[in-house]
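Take a look at the letters that make up each chain.
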Amino acid sequence: MSIVILGVDLGKNACSVVGVDAAGAVVVRRSMRRQTLVDYVAKLPVCVVAMEACCGAHYLGRLFAAHGHEIRLMSPEYVRPYVKAQKNDDRDAEGIAEAASRPTMRFVELKTQEQLDIQTLHRVRSRLVAERRSLTNQLRAILLERGTIFPVGRRKLELGIDALLADEDTTLSPRLRQLVAELRAEWRELDTRVETLNGEFVELARNDAAARRLTSIPGVGVLNATALIAAVGDASSFAKARDLGAWLGLVPRQHTTGGKPRLLGISKRGNTYLRTLLIHGARAALPSLAQSETPLGRWLTGMIERGVHRNAIVVALANKLARIAWAALRKDATFERGYPVAA
C-alpha cells in the first residue's frame, strides 16, 4: 500500500480520509477523530495531503507540512464537481483526492500564523462595525416613532442624540430617555473598540515593509494594505496582475457560448470583504486622481469624458489598484504616479 494523495474531509470532531495510489485507485478509506488524524498523517511516508480551504485547514496544513507532506488546499466550489452520486463525508474525501490530482486545479496558498492573526483582527473589526451600524439604525427607528428625525450621517446622528440627551425639556418619557442613554453608551464602547483595532492596523502597517509599499498606492490605506497581506501574502500564487483582480471578482462575468462573447456585470467572486475595501478606496481616491496630470488620471478622465457610469469607473479603478498592489507585492516596488498605465 503506497498512498500518493490523501484526501481529507474535515469535520469538527470526525474526519473522513481517503488515500489513493499512483494509479488513482482507493487503497485507504477511514473515518477518524482529529487528533487521531494528526498522529496518522505523522506516521505516513511523504505524500500529498489535500483538503478543502475551510476553517481549521490552514492549522492542520501547517502541522502536516512540518512532517514533510505537500499540502494542497482547494476551494469547495472546485471540489464539488468531483463528488460522485450521493453526498456524504466519505464521498467528499474521495472527491477531494480526485480534485487534487488534476493538473489544472487551482490551489489556495497555505497561510502563515501571522496572516491568520491579521485576518482575525479584520473579521472582529467587521463584526463590531456591523453591530454599530445595527445599533444606530435601531436608535433612528426608536426616535422616529417619537417624531424626532436626524439628518443622514453617523456624525450628525451622534451630535443630535447628545443634544437630545442634554435637553431637559425633551418629550421623551423617563424610561425611554434612560434607554437611549444606555444605547448611546454602548455606541461609545463600540467606537472605542473599533478605534483600538484601527490603531493596531496602523502599527502593523508601520512595521511591515510590504504594507508600507501598498499604502503608497492612492486609495489603498492601512485597512486595505493589511487585508491584502492577510489574504494573499506576497501574491506569489497569482502568475499575473490580472489574476488577482479576477480572484477578487472585479472583472466582468463571462457567459460565452457558440463563439459569441457575452460579458455581464462583475463576477463578485473571491474575498467579498477585500473587494469592498478596494471599491471604497477607489471611490475615495477617484476625485483627486481624475484631476491629476498623471497617466492614471488621464485614463480616468478619458472614461469620464466618454460618459462611462461613475460606478463602472470606480470598479475599474479598484481593479487597477488591485493590479498595482500585485506589482508592489511581487516586485518590492512602491507606486510611481508618473509610471505608464495600461488601458
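Residues numbered from 1 in each chain as written. Predicted model: local features only at pLDDT ≥ 70, side-chain atom pairs only at ≥ 80, totals over all residues. Heavy atoms only, no water.

Comments concerning the UniProt feature "domain: Transposase IS116/IS110/IS902 C-terminal" (unreviewed entry) in the protein
Argument step 1. On the UniProt side, "domain: Transposase IS116/IS110/IS902 C-terminal" (unreviewed entry) is annotated at positions that read residues 211-286 here.
Argument step 2. Segment residues 211-286 splits into 49% helix and 9% strand. End C-alpha atoms: 21 Å apart. (UniProt positions renumbered as here; feature names shortened; annotations may be inferred. Helix = DSSP H or I, 4+ residues; strand = E, 2+ residues; numbered from the N terminus.)

Structural notes on the domain arrangement of the protein
Argument step 1. Here the protein is partitioned into domain 1 (5-108), domain 2 (113-207) and domain 3 (209-331).
Argument step 2. For domain 1 versus domain 2, the distance between C-alpha centres works out to 44 Å. (Domains from an automatic or database assignment.)

Overview of the pattern of salt bridges
A side chain of one charge can pair with a side chain of the opposite charge if their charged atoms are brought near each other.
Argument step 1. In this structure the tally under the stated criterion is 18 salt bridges.
Argument step 2. Ionic pairing is found between Arg127 and Glu131, a salt bridge with its closest N-O pair at 2.6 Å. Of this pair, Arg127 and Glu131 are both found in helix α5 (residues 113-144), four residues apart, which corresponds to roughly one turn of the helix.
Argument step 3. Lys240 is paired through a salt bridge with Asp243; the nearest N and O atoms lie 3.8 Å apart.
Argument step 4. A relative accessible area of 42% places Lys240 in the partly exposed class.
Argument step 5. Using a relative accessible area of 26% as the deciding quantity, one classes Asp243 as partly exposed.
Argument step 6. A single salt-bridge network, built from bridges that share partners, covers Arg29, Lys84, Asp90, Arg91 and Glu94. (Salt bridge = Lys/Arg side-chain N within 4 Å of Asp/Glu carboxyl O. Buried < 20%, exposed > 50% of the residue type's maximum accessible area, 1.4 Å probe, protein only.)

Considering helix α12 (residues 295-305)
Argument step 1. Of all the residues in α12, the buried ones are Pro295, Leu296, Gly297, Trp299, Leu300, Gly302 and Met303.
Argument step 2. Buried residues along α12 sit in contact with α11 (272-290) and α13 (310-331).
Argument step 3. Looking one or two places after α12, you find Gly307, whose phi comes out positive at around 85°. (Contact = heavy atoms within 4.5 Å.)

Structural notes on the environment of Ile5
Argument step 1. Position of Ile5 among the secondary structure elements: in strand β1 (residues 5-9).
Argument step 2. Look at Ile5 and you get buried, because its relative accessible area is 8%.
Argument step 3. Taking the C-alpha atoms as reference points, Ile5 and Cys47, separated by 42 residues in sequence, lie 6.0 Å from one another.
Argument step 4. Setting aside its immediate chain neighbours within four residues, Ile5 contacts Val18, Gly19, Val20, Val48, Ala50, Ala97, Ala100 and Ser101.

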